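Fold and geometry: a report
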Amino acid sequence: QVQLVESGGGLVQPGGSLRLSCAVSGFTLDYNAIGWFRQAPGKERERVSCISRRDGSIYYADSVKGRFTISRDNAKNTVYLQMTRLKPEDTAVYYCAARSMWCSPRVPDFRSWGQGTQVTVSS
């Protein structure tokens, strides 16, 4: 089973920036695709971004396009989410997740999840 550990969450003011990290270890075939998801209180979990190891495909939710950037460092087995121009509505618990296939938009298709890291955007 793949293990995922998020880090980098915290408190930031509106308009600020934050970089989240997802360290990946375990069975290599279980994490061809790494996705970032978020869930705010009372709302459904949504996919924020995803990157595929096989073909390099990248996807973003409409709400974060132009503000967030996903990338990976293969040598460190780490996936990053650089967040800029943060808004209060970005406040949520952010999770990274892995699946063995392509970047699906469906939450249930991702079987391995990290513990989550809290991101709070407030002045």
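Residues numbered from 1 in each chain as written. Predicted model: local features only at pLDDT ≥ 70, side-chain atom pairs only at ≥ 80, totals over all residues. Heavy atoms only, no water.

As for the pattern of salt bridges
Counted by the stated rule, this structure contains five salt bridges. Across the pair D90 and R38 runs a salt bridge whose closest N-O atoms are separated by 2.9 Å. Separated by 52 residues along the polypeptide, D90 in the loop between strand 8 (78-83) and strand 9 (92-99) and R38 in strand 4 (residues 33-39) bring together distant segments of the chain. The burial state of D90 is the same as that of R38; both residues are buried. Three or more residues joined by partner-sharing salt bridges are found here, namely R38, E46, R67 and D90. (Salt bridge = Lys/Arg side-chain N within 4 Å of Asp/Glu carboxyl O. Helix = DSSP H or I, 4+ residues; strand = E, 2+ residues; numbered from the N terminus. Buried < 20%, exposed > 50% of the residue type's maximum accessible area, 1.4 Å probe, protein only.)

So, the sheet that holds strand 7 (residues 68-73)
Pairing is antiparallel across the open sheet formed by four strands, whose spatial order is 1-3-8-7. At either end of the open sheet lies a strand with only one pairing partner, and these are strand 1 (3-7) and strand 7. Pairs of neighbouring strands in the sheet enclose a mean axial angle of 15 degrees, with direction left out of account. In this structure, strand 1 lies alongside strand 3 (residues 18-25), joined through five bridges in antiparallel fashion. Each residue of the ladder has a partner; that of L4, found in strand 3, is V24. (Pairing = 2+ DSSP bridges. Axes fitted to C-alpha atoms, helices over the stretch in contact; angles between N-to-C directions.)

Some words on the nonpolar core
Formed by 27 residues in total, the largest nonpolar core has its most connected members in W36, L81, M83 and Y94. Where this core is concerned, the elements lending two or more residues are strand 3, strand 4, strand 5 (46-52), strand 7, strand 8, strand 9 and strand 11 (117-121). Ranked by size, the runner-up nonpolar core spans six residues in total, among them A33, F37, C50 and A97. (Core = buried A, V, L, I, M, F, W, Y, C linked by side-chain atoms within 4.5 Å.)

Quick word on the pairing of strand 8
Across a regular strand the side chains alternate sides, sitting on one face of the sheet and then on the other. Among the six residues that make up strand 8, five are buried, leaving the element largely enclosed by the rest of the structure. Direction of pairing for strand 3 relative to strand 8: antiparallel, over a ladder of six bridges. Following the sheet pairing, C22 is matched in strand 8 by V79. Note: strand 7 against strand 8, six bridges, orientation antiparallel. Counted as the bridge partner of T69 is Q82 from strand 8.

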